[in-house]
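One letter stands for each residue in the lines below.
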Amino acid sequence: MTLPYRWGMIRFILVALLLASPVCAQPMPHPLVIAHRGASGERPEHTRAAYELAIEQGADFIEPDLVMSSDGHLVVRHENEIGGTTNVAKHPEFADRRATRTIDGVTTTGWFTEDFTLAELKTLRARERLPTLRPGNTAYADEAILTFQEVIDIARAASIRTGRVIGVAPELKHPTYFLGLDLNMEPTFIQALRANDLMSADSPILIQCFEVLALRSLYQLTDAPLLQLMSPTGGPADESQATYAEMAMPEGLAEIATYADAIGLDTAMIVPRTPAGASDAPTTLVADAHAAGLKVVAWTFRAEDPFLPTDHRGDLPGWIGRFYDLGVDAVFSDFPGVAVQARDARP
């Protein structure tokens, strides 16, 4: 099965394949709107409230970032350091678990999921990660930490409720780091895919990772669509000789196409910014990726001014629309409702 075909099939998923339920078949929209950690601009990220709001706003996929608990469960958090996204600091029984770790070359002090069992993590409550920028989200402080299975269940229930396909776009966070702790994400992840009938090319799932070896391994284990994430600087934590800049060249894109169906790009790799912070002329990366047989997903679209180029401040729909015009195949947005409306407003 060719890689472009693997991606293309997700646009014509039957809900019945996901749910074993008699829901009518329908094509998925294009470009796809992926709710980045849910509607995280309006609810704390990775919470049930964020995912449910994203679905209500019309998102096609919801995205959970996956890390691991000490007892080997896939837990949904932005990072394995959870001091900034939970109320763990308010739990005196966990004070002695505060630690300093080096993860992918970055030293961080805090509390880490790998030091907690799932049962312990379930005693915590989510907190808004950006309270200064998103003070309204701080009112939603009683949400429990979710597992990967719970996010799949949210998508399944919503597919039945809405009569449309709701996909899941999990990102495996730091698989090499976790492997060094004898917490191998891949077997647990594949087990979850099998248990939920998400192993085929037409499954409503899009599997992401910044690392290369994990995706290469998953390519051998599943036909589900795979996405190589890239950023403007640095390179994969598991490929010390590679940089994302090199991977974004035509030769690098051809190599990615041997194991992945799509690339996920920071918006600056598609539309760079000038030294003054305005948007600059677009690169050829979308066209180059399409020429290599890869789909392109752009990340991340946020409404707050610090995240927007100066010429689009106050205009998130217009900013997203520029990427639709450039031919991206999907977008990640903290405000999926805006992304859906911008797509629906297109001629």
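Residues numbered from 1 in each chain as written. Predicted model: local features only at pLDDT ≥ 70, side-chain atom pairs only at ≥ 80, totals over all residues. Heavy atoms only, no water.

As for the pattern of salt bridges
If you walk through the whole model with that rule in mind, you get 18 salt bridges. The shortest N-O distance in the salt bridge between Glu 79 and Lys 173 comes to 3.4 Å. Here the residue Glu 79 occupies a position in the loop between strand S4 (74-76) and strand S5 (99-103), and Lys 173 occupies one in the loop between strand S8 (171-172) and helix H6 (175-179), the gap between them amounting to 94 residues. With a shortest N-O distance of 2.9 Å, Asp 334 and Arg 134 are connected by a salt bridge. Within this pair, whereas Asp 334 is found in the loop between strand S13 (330-333) and helix H14 (336-344), its partner Arg 134 is found in the loop between helix H4 (118-121) and helix H5 (148-162), the two being separated by 200 residues in sequence. Looking at Asp 334, the relative accessible area reads 1%, which means it is buried. If you follow the salt bridges from partner to partner, you end up with Arg 37, Glu 45, Asp 65, Glu 79, Arg 129 and Lys 173 in one network. (Salt bridge = Lys/Arg side-chain N within 4 Å of Asp/Glu carboxyl O. Helix = DSSP H or I, 4+ residues; strand = E, 2+ residues; numbered from the N terminus. Buried < 20%, exposed > 50% of the residue type's maximum accessible area, 1.4 Å probe, protein only.)

Quick notes on helix H13 (residues 316-325)
Considered for burial, the residues of H13 that qualify are Leu 316, Trp 319, Ile 320, Gly 321, Phe 323 and Tyr 324. The secondary structure elements touched by the buried residues of H13 are strand S1 (32-35), helix H11 (267-270), strand S12 (295-301), S13 and H14. Of the residues trailing H13, Gly 327 is marked for its positive phi of about 95°. (Contact = heavy atoms within 4.5 Å.)

Looking at the nonpolar core
Within the largest apolar cluster, 90 residues are counted, with the highest numbers of intra-cluster contacts made by Ile 62, Phe 148 and Met 230. Sort the elements by how many residues they give to this core and H5 lands first, with 6 residues. The next biggest cluster of nonpolar side chains, apart from the first, holds 14 residues, and it includes Phe 61, Ala 169, Leu 227 and Ala 330. (Core = buried A, V, L, I, M, F, W, Y, C linked by side-chain atoms within 4.5 Å.)

Quick word on the packing of aromatic side chains
Under the criterion given, the structure shown has 8 aromatic pairs. Look at Phe 210 and Tyr 244: their rings are 6.1 Å apart centre to centre, the planes differ by 65°, and that puts the pair in the edge-to-face class. Residue Phe 210 is located in the loop between strand S9 (207-209) and helix H8 (213-221), and its partner Tyr 244 is located in helix H9 (residues 244-247); the two are separated by 34 residues in the primary sequence. Measuring from centroid to centroid gives 4.8 Å for Trp 319 and Phe 323, while their planes differ by 85°, and the two rings are edge-to-face. Linking Trp 319 with Phe 323, this pair stays in helix H13, spanning 4 residues, or about one helical turn. Trp 319 gets classed as buried once you look at its relative accessible area, which sits at 1%. Of the aromatic side chains, those joined through ring pairs into one cluster are Phe 210, Tyr 244 and Trp 299. Sitting over the face of the ring of Phe 116, Arg 97 holds its NZ or CZ atom 5.0 Å from the ring centroid. The ring centre of Phe 307 lies 4.9 Å from the NZ or CZ of Arg 302, which sits over that ring. (Phe/Tyr/Trp six-rings, centres within 6.5 Å; stacked < 30°, edge-to-face > 60°. Lys NZ or Arg CZ within 6 Å of the ring centre and 35° of its normal.)

Quick notes on the confidence of the model for the chain
Across the chain, the average pLDDT comes to 93, with 92% of residues at or above 70. Confidence over residues 1-5 falls short of pLDDT 50; this stretch has 9 contacts with residues more than four positions distant or in other chains. Note on residues 8-25: pLDDT under 50 across the span, and 38 contacts to partners over four residues away in sequence or across chains. (pLDDT = per-residue confidence, 0-100.)

Notes on the pairing of strand S3 (residues 65-68)
Both faces of S3 are covered, namely the face carrying Asp 65 and Val 67 and the face carrying Leu 66 and Met 68. Here 2 bridges tie S3 to S8, and the two strands are oriented parallel to one another. Following the sheet pairing, Leu 66 is matched in S8 by Leu 172. Alignment of S3 against S4, held across 3 bridges, turns out to be antiparallel. Directly across from Val 67, in S4, lies its bridge partner Val 75. (Pairing = 2+ DSSP bridges.)

What to know about unusual backbone geometry
With an omega dihedral of -5°, the bond running from His 30 to Pro 31 counts as a cis peptide bond. Inspection of the secondary structure assignment puts Pro 31 in the loop between helix H2 (15-19) and S1. The phi angle at Arg 37 is positive, at roughly 60°, despite the residue not being glycine. Secondary-structure assignment places Arg 37 in the loop between S1 and helix H3 (48-56). Look at Arg 37 and you get buried, because its relative accessible area is 7%. Positive phi values are uncommon outside glycine, yet Asp 197 reaches one of about 55°. Note that Asp 197 resides in the loop between helix H7 (185-195) and S9. Exposure remark for Asp 197: the relative accessible area of 53% places this residue in the exposed category.

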